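# Summary of the model geometry
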Amino acid sequence: MTAQDLGSTTRSGPMSAGSRLVLSVLSWAASIPALNVLLGGLERRQALTLTGTAVALVAAALLLWAGLIYWWQVPATRSIARRITYFIAYVAVTALLGLIGLWAAFWATVAIYGL
(Lines give C-alpha, C1' and ligand atoms only; values in the text may rest on other atoms or scores of the structure.)
Protein backbone atom coordinates (compact mmCIF):
# COMPACT_ATOMS: atom_id res chain seq x y z
CA MET A 1 0.00 0.00 0.00
CA THR A 2 1.48 3.35 -1.00
CA ALA A 3 1.28 6.57 1.00
CA GLN A 4 -1.25 7.89 -1.49
CA ASP A 5 -3.45 4.83 -0.99
CA LEU A 6 -3.15 5.13 2.77
CA GLY A 7 -4.25 8.77 2.66
CA SER A 8 -7.27 7.94 0.57
CA THR A 9 -8.38 5.10 2.84
CA THR A 10 -8.24 7.20 5.98
CA ARG A 11 -10.70 9.79 4.63
CA SER A 12 -13.09 7.30 3.13
CA GLY A 13 -14.35 4.31 4.94
CA PRO A 14 -17.45 2.78 6.38
CA MET A 15 -18.47 6.02 8.10
CA SER A 16 -20.20 8.70 6.05
CA ALA A 17 -19.29 12.37 6.15
CA GLY A 18 -22.47 13.17 8.05
CA SER A 19 -21.72 10.54 10.70
CA ARG A 20 -18.20 11.88 11.16
CA LEU A 21 -19.55 15.41 11.52
CA VAL A 22 -22.17 14.37 14.10
CA LEU A 23 -19.66 12.36 16.14
CA SER A 24 -17.11 15.17 16.03
CA VAL A 25 -19.58 17.79 17.22
CA LEU A 26 -20.97 15.49 19.92
CA SER A 27 -17.47 14.74 21.20
CA TRP A 28 -16.78 18.48 21.22
CA ALA A 29 -19.94 19.11 23.27
CA ALA A 30 -19.16 16.22 25.66
CA SER A 31 -15.71 17.65 26.31
CA ILE A 32 -17.20 20.78 27.89
CA PRO A 33 -18.53 19.06 31.05
CA ALA A 34 -15.50 16.75 31.14
CA LEU A 35 -13.10 19.71 31.10
CA ASN A 36 -15.17 21.54 33.68
CA VAL A 37 -15.14 18.60 36.09
CA LEU A 38 -11.42 17.99 35.51
CA LEU A 39 -10.41 21.62 36.00
CA GLY A 40 -12.80 22.04 38.93
CA GLY A 41 -11.28 19.00 40.61
CA LEU A 42 -7.77 20.31 40.09
CA GLU A 43 -8.78 23.66 41.53
CA ARG A 44 -10.42 22.07 44.58
CA ARG A 45 -7.25 20.05 45.26
CA GLN A 46 -5.31 23.31 44.93
CA ALA A 47 -3.24 21.89 42.08
CA LEU A 48 -4.45 24.63 39.73
CA THR A 49 -5.83 28.10 40.20
CA LEU A 50 -8.45 28.96 37.63
CA THR A 51 -8.00 32.54 36.55
CA GLY A 52 -9.74 34.46 33.82
CA THR A 53 -6.78 33.79 31.55
CA ALA A 54 -6.95 30.01 32.07
CA VAL A 55 -10.69 29.95 31.40
CA ALA A 56 -10.20 32.11 28.29
CA LEU A 57 -7.52 29.71 27.03
CA VAL A 58 -9.85 26.73 27.48
CA ALA A 59 -12.65 28.61 25.70
CA ALA A 60 -10.29 29.56 22.87
CA ALA A 61 -9.17 25.93 22.53
CA LEU A 62 -12.81 24.82 22.32
CA LEU A 63 -13.56 27.46 19.68
CA LEU A 64 -10.49 26.44 17.70
CA TRP A 65 -11.57 22.80 17.89
CA ALA A 66 -15.07 23.74 16.66
CA GLY A 67 -13.52 25.69 13.78
CA LEU A 68 -11.32 22.75 12.84
CA ILE A 69 -14.33 20.42 12.89
CA TYR A 70 -16.09 22.75 10.46
CA TRP A 71 -13.01 23.01 8.26
CA TRP A 72 -12.41 19.24 8.12
CA GLN A 73 -15.92 17.78 8.24
CA VAL A 74 -18.36 20.13 6.50
CA PRO A 75 -18.38 19.31 2.79
CA ALA A 76 -17.08 21.84 0.31
CA THR A 77 -19.44 23.22 -2.30
CA ARG A 78 -19.14 25.47 -5.30
CA SER A 79 -22.18 27.52 -4.38
CA ILE A 80 -21.40 30.32 -1.95
CA ALA A 81 -25.06 30.42 -0.86
CA ARG A 82 -24.97 26.75 0.11
CA ARG A 83 -21.65 27.22 1.92
CA ILE A 84 -23.12 30.13 3.91
CA THR A 85 -26.17 27.99 4.72
CA TYR A 86 -23.90 25.17 5.94
CA PHE A 87 -21.97 27.65 8.08
CA ILE A 88 -25.09 29.17 9.66
CA ALA A 89 -26.54 25.73 10.38
CA TYR A 90 -23.23 24.53 11.83
CA VAL A 91 -22.87 27.57 14.08
CA ALA A 92 -26.49 27.30 15.28
CA VAL A 93 -26.24 23.58 16.09
CA THR A 94 -22.80 23.97 17.68
CA ALA A 95 -23.99 26.91 19.80
CA LEU A 96 -27.03 24.91 20.95
CA LEU A 97 -24.89 21.90 21.82
CA GLY A 98 -22.40 24.20 23.56
CA LEU A 99 -25.19 25.57 25.75
CA ILE A 100 -26.33 22.03 26.53
CA GLY A 101 -22.71 21.20 27.38
CA LEU A 102 -22.51 24.18 29.75
CA TRP A 103 -25.78 23.12 31.39
CA ALA A 104 -24.42 19.57 31.79
CA ALA A 105 -21.13 20.96 33.14
CA PHE A 106 -22.97 22.94 35.80
CA TRP A 107 -25.07 19.99 36.95
CA ALA A 108 -22.13 17.57 36.84
CA THR A 109 -20.14 19.96 39.04
CA VAL A 110 -23.05 20.34 41.44
CA ALA A 111 -23.55 16.55 41.57
CA ILE A 112 -19.85 15.86 42.23
CA TYR A 113 -18.73 18.79 44.37
CA GLY A 114 -21.98 20.32 45.64
CA LEU A 115 -22.87 23.98 45.61
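Everything that follows concerns the structure shown earlier in this document.
Structure report, in brief.

About the thresholds
- Residues numbered from 1 in each chain as written.
- Predicted model: local features only at pLDDT ≥ 70, side-chain atom pairs only at ≥ 80, totals over all residues.
- Heavy atoms only, no water.
- Helix = DSSP H or I, 4+ residues; strand = E, 2+ residues; numbered from the N terminus.
- Buried < 20%, exposed > 50% of the residue type's maximum accessible area, 1.4 Å probe, protein only.
- Contact = heavy atoms within 4.5 Å.
- Expected span 1.5 Å × (residues − 1).
- Patch = residues over 30% accessible without salt bridge, like charges linked within 9 Å, V, L, I, M, F, W, Y side chains within 5 Å.
- Areas by Shrake-Rupley, 256 points an atom, 1.4 Å probe, with all protein chains shown as cover.
- Salt bridge = Lys/Arg side-chain N within 4 Å of Asp/Glu carboxyl O.

Our next topic: the overall build of the chain. Check the secondary structure of the chain and you find 4 helices and 0 strands. In sequence order, the chain lays out its α and β elements as α-α-α-α. Expressed as a percentage of its 115 residues, the buried residues of the chain come to 22%. If you take every contact in the chain between residues at least 6 apart in sequence, the share linking residues at least 24 apart comes to 69%.

For helix α2 (residues 17-44), which comprises 28 residues, the first-to-last C-alpha distance of 41 Å matches the rise-based estimate of 40 Å (1.5 Å per residue) to within 8%. As for α2, its buried residues are in contact with α3 (52-73) and α4 (80-113).

What follows covers a nonpolar patch on the surface. Nonpolar side chains collect at one region of the surface, where I80, I84, F87, I88 and V91 lie side by side and expose about 500 Å² of accessible area between them. Taking relative accessible area as the criterion, I88 reaches 54% and is therefore assigned exposed.

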